[in-house]
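Single-letter residue listing:
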Amino acid sequence: MIVIDAASPTPPYEQLRAQLARQIQDRTLAVGTRLPPIRRLAADLGLAVNTVGRAYRELEVAGLIETRGRAGSFVSAAGEHAREQAHRAARDYAAVIAGVGLDPAEAIRIVEAALGQASRP
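Residues numbered from 1 in each chain as written. Predicted model: local features only at pLDDT ≥ 70, side-chain atom pairs only at ≥ 80, totals over all residues. Heavy atoms only, no water.

A. Just the pattern of salt bridges, in detail. Tallying each qualifying case throughout the model produces four salt bridges. The closest approach of N and O atoms between arginine 68 and glutamate 66, which form a salt bridge, is 2.9 Å. A salt bridge links glutamate 106 to arginine 109, with the shortest nitrogen-to-oxygen separation between them at 2.8 Å. Of the two residues, glutamate 106 and arginine 109 are both situated in helix 5 (residues 104–118); the distance of three residues between them amounts to about one turn of the helix. Classification of glutamate 106 as partly exposed rests on a relative accessible area of 30%. (Salt bridge = Lys/Arg side-chain N within 4 Å of Asp/Glu carboxyl O. Helix = DSSP H or I, 4+ residues; strand = E, 2+ residues; numbered from the N terminus. Buried < 20%, exposed > 50% of the residue type's maximum accessible area, 1.4 Å probe, protein only.)

B. A look at the packing of aromatic side chains. Summed over the entire model, instances satisfying the criterion amount to zero aromatic pairs. Stacked on the ring of tyrosine 13, the Lys or Arg arginine 54 has its end atom at 3.7 Å from the ring centre. Positioned above the aromatic ring of phenylalanine 74 is the side chain of arginine 68, whose terminal nitrogen or guanidinium carbon lies 4.0 Å from the ring centre. (Phe/Tyr/Trp six-rings, centres within 6.5 Å; stacked < 30°, edge-to-face > 60°. Lys NZ or Arg CZ within 6 Å of the ring centre and 35° of its normal.)

C. Highlighting the domain arrangement of the protein chain. Per the domain assignment, the segments of the protein chain are domain 1 (12–75) and domain 2 (80–119). Computed over C-alpha atoms, the centres of domain 1 and domain 2 are 28 Å apart. (Domains from an automatic or database assignment.)

D. Representation of the environment of alanine 30. For alanine 30, the location among the structural elements is in the loop between helix 1 (12–25) and helix 2 (38–45). In this structure, the C-alpha to C-alpha distance between alanine 30 and glycine 46, residues 16 residues apart in sequence, is 25 Å.

E. Examining the nonpolar core more closely. In terms of nonpolar packing, the biggest core is built from 17 residues, with Leu16, Leu20, Val52 and Tyr56 touching the most fellow members. Looking at this core, the elements with two or more residues in it are helix 1, helix 2 and helix 3 (49–61). (Core = buried A, V, L, I, M, F, W, Y, C linked by side-chain atoms within 4.5 Å.)

Below is the structure:
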């Protein structure tokens with residue numbers, strides 16, 4: 001279920017994008033699941049069509065969904081590949097951290113800082 005909080009400082013497209021991404025990542029929305037058409041979801045949520053379209057475009061750029069023309073938008077298998085790639089990178093990083101004897105809490109702070117830098121435009 002998608003809930004948009006009109007009082008939130010987070011823009012509606014970002015609320016929608018984040019909720020759909022979370023559902024894809026936790027597999028609530030399985031690979032191959034067809035997403036609602038943009039116009040229908042916009043009407044259901046009381047949002048502008050462009051708002052839902054922007055969320056879908058950002059999910060597509062992230063590789064979480066794919067649009068197949070008039071057939072619609074579907075949860076992409078590429079998202080599963082990205083998850084596997086992230087797990088491999090995490091295992092490699094954990095091995096490096098263990099090898100150099102760095103404290104796990106410090107390793108997590110390093111990752112958090114790197115993620116913060118990566119999310120900046």
